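As a plain string of letters, each chain reads:
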Amino acid sequence: MKSIRVLLMGCGGVGRQLLQHVVSCRSLHAKQGLRLRVVGVCDSKSFLVASDVSKMELDDASLMEICRVKSSGSSLSTLNSSGDSQIFTNMESTRKVLDTATLLGRSTGLVFVDCSASSETIGVLTQVVDLGCCIVLANKKPLTSSLEDYEKLVSHPRHIRHESTVGAGLPVITSLNRILASGDPIHRTIGSLSGTLGYVMSEVGDGKQFSEVVKAAKCLGYTEPDPRDDLGGMDVTRKALILARLLGSRINLDNIKVESLYPDEMGSDRMSVEDFLANGLPLLNKDIETRFRVASSNGNVLRYVCMIEGSSCQVGIKELPKDSPLGRLRGSDNVLEIYSRCYRDLPLVIQGAGAGNDTTAAGVLADILDLQDLFP
């Protein structure tokens, strides 16, 4: 039985779902001759770790208890140390995480899984790379940090997987890597990579009012608690930067031209969420409606996309043919069109659910298993 030892950072919705997948897939993985051994789990303040990581793991009952505690909004620090596990907090937890990486990285091997949404994990991740550890990311922030951090993280390409940073469980990163590895140059990618904005644009295109669609998306749970976090385009911009860097561009976030769907004077520092929803959003209807009407008169539709072409990377509303894959987009799916030498006239199209804790966690689990050949 091959063992893959795992240390999880972040047990929010995706992290908890990952732990549940690990437990529910035990029999499936056993048939494949594999066992995932979760030796430690971190939240923002605490680290729960097996007492002897070289011989022990957190058992399934402990993993389910972690999910229960975190679902209730509590910290891991509320759990008690036992003979099988220990709790460390604050700076001591960071030290113990690095001790675990040092012990296991070059012996049995260790996969660091980052399912947080924090930039505070970057320091640890860049250190464990040198300790022989593998990295699996759902968190976009490490890969959209400075170029120095980025190049450190990807310095051992076989040791890093990050499919879930773009498109949740969709095979976006894998497909791009395969095309590039075959020597087929990719000259253009264009995609709708926000389920929220994909839904909003397709609904407005069907004649509904922008402000009402955004409110409906919020009620459906498609948006962040503050919809401006989606409407500002930063989530799409991070995904665009990950793709642009993968395609060879040495750029940073501030090199990308981003179109926000609301003006600065409606920002969170000037207007509450309630005020924005009640009074700010309706003021945006006329301009959006006009833009859609002009596009329709040209036989086109509007979509909120990222477009990478050569060294250029842009994020915002673009007019596209109705009969294109992006033009036919409905609902909250993600769609990416890839143009290369082999896919010059008809692009390679990747489409499907691009969000959701379950889908994202499944992508993370697949990434962990994809590293199995690096383990004894």
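Residues numbered from 1 in each chain as written. Predicted model: local features only at pLDDT ≥ 70, side-chain atom pairs only at ≥ 80, totals over all residues. Heavy atoms only, no water.

Remarks on the UniProt feature "binding site: NADPH" (unreviewed entry) in the protein chain
- UniProt annotation of "binding site: NADPH" (unreviewed entry) refers to Lys140 when read in the numbering used here.
- Within the fold, Lys140 resides in the loop between β6 (134–137) and α6 (147–153).
- For Lys140, a relative accessible area of 18% corresponds to the buried category.
- Filtering out sequence-adjacent residues up to four positions away, Lys140 remains in contact with Thr165, Asp235, Arg238, Lys239 and Ile242. (UniProt positions renumbered as here; feature names shortened; annotations may be inferred. Helix = DSSP H or I, 4+ residues; strand = E, 2+ residues; numbered from the N terminus. Buried < 20%, exposed > 50% of the residue type's maximum accessible area, 1.4 Å probe, protein only. Contact = heavy atoms within 4.5 Å.)

Digging into unusual backbone geometry
- Positive phi values are uncommon outside glycine, yet Asn90 reaches one of about 55°.
- Within the fold, Asn90 resides in helix α4 (residues 90–105).
- Its identity is not glycine, yet Ala168 carries a phi of approximately 55°, on the positive side.
- Along the polypeptide, Ala168 turns up in the loop between β7 (160–161) and α7 (172–181).
- On the accessibility criterion, Ala168 (3% relative accessible area) is buried.

Focus: helix α3 (residues 60–71)
- Between its first and last C-alpha atoms α3 spans 16 Å; for twelve residues at 1.5 Å apiece the expected length is 16 Å, and the two agree.
- When α3 is considered as a whole, its buried residues turn out to be Leu63, Ile66, Cys67, Val69 and Lys70. Buried residues of α3 fall within an arc of 170° about the axis and therefore sit on the same side.
- In this structure, the buried residues of α3 make contact with α1 (13–24), α2 (26–31), β2 (34–42) and β3 (46–50).
- Positive backbone phi, at 90°, marks Gly73, one or two positions downstream of α3. (Expected span 1.5 Å × (residues − 1). Arc of directions from axis to C-beta.)

Here we look at the sheet that holds β6
- Spatial ordering of the open sheet is given by β4-β3-β2-β1-β5-β6-β7, a layout of seven strands whose pairing is mixed. Both edges of this open sheet fall to β4 (85–89) and β7, since each of them pairs with a single strand only. (Pairing = 2+ DSSP bridges.)

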